[in-house]
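Analysis of the macromolecular model
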Amino acid sequence: MGSCIVKQAAKKGLAPCPICGKPAKTETKPFCSPRCADIDLGRWLGERYVIPGPEDEETLRSPRSDEEDRFH
């Protein structure tokens with residue numbers, strides 16, 4: 001990502017594309033192109049990006065053996 005491109009985007013009041021740093025375009029905002037939007041979507045679908053959330057109850061419980069299940 002060239003610093004010159006980022007500086008140009010800042011002067012125009014446009015945020016840089018989060019993928020490549022080029023100025024964002026209105027039709028693909030916040031990205032500069034459909035290609036960068038697709039790259040970002042692929043990262044979400046490939047689970048490279050995650051949003052932390054509350055832990056599942058299943059992960060909070062300790063694993064039970066089959067013997068414990070017979071007595072409950």
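Above: the structure in question.
Computed from a predicted structure; not experimentally measured. (Residues numbered from 1 in each chain as written. Predicted model: local features only at pLDDT ≥ 70, side-chain atom pairs only at ≥ 80, totals over all residues. Heavy atoms only, no water.)

1. Quick notes on the overall build of the protein chain
When its secondary structure is counted, the protein chain shows four helices and zero strands. The helix and strand sequence of the protein chain, counted from the amino end, reads α-α-α-α. Within the protein chain, buried positions represent 12% of all 72 residues. Considering only contacts within the protein chain whose residues lie at least 6 apart along the sequence, 4% involve residues at least 24 apart. For the protein chain, the exposed area adds up to about 6400 Å²; of that, 55% sits on carbon and sulfur atoms. (Helix = DSSP H or I, 4+ residues; strand = E, 2+ residues; numbered from the N terminus. Buried < 20%, exposed > 50% of the residue type's maximum accessible area, 1.4 Å probe, protein only. Contact = heavy atoms within 4.5 Å. Areas by Shrake-Rupley, 256 points an atom, 1.4 Å probe, with all protein chains shown as cover.)

2. Considering the side chain of T28
Mapped onto the elements of the fold, T28 is located in the loop between α1 (3-12) and α2 (34-45). Among the polar contacts made by the side chain of T28, one reaches the main-chain amide nitrogen of S33 at a distance of 3.5 Å. Not counting residues within four places of it along the chain, the set of residues in contact with T28 comprises S33 and P34. (Polar contact = N/O pair within 3.5 Å; in protein donor to acceptor, adjacent residues only side chain to side chain.)

3. Focus on the state of the cysteines
Put plainly, two cysteines are in a disulfide when a covalent bond ties their sulfur atoms together. Summed over all chains, the structure comprises zero disulfides. Note on C32: no disulfide assigned, nearest cysteine sulfur contributed by C20 at a separation of 3.4 Å. Exposure remark for C32: the relative accessible area of 9% places this residue in the buried category. Left unpaired, C36 is separated from the closest cysteine sulfur, that of C32, by 3.7 Å. Overall, C36 belongs to the buried group, its relative accessible area being 3%. (Disulfide = S-S within 2.5 Å.)

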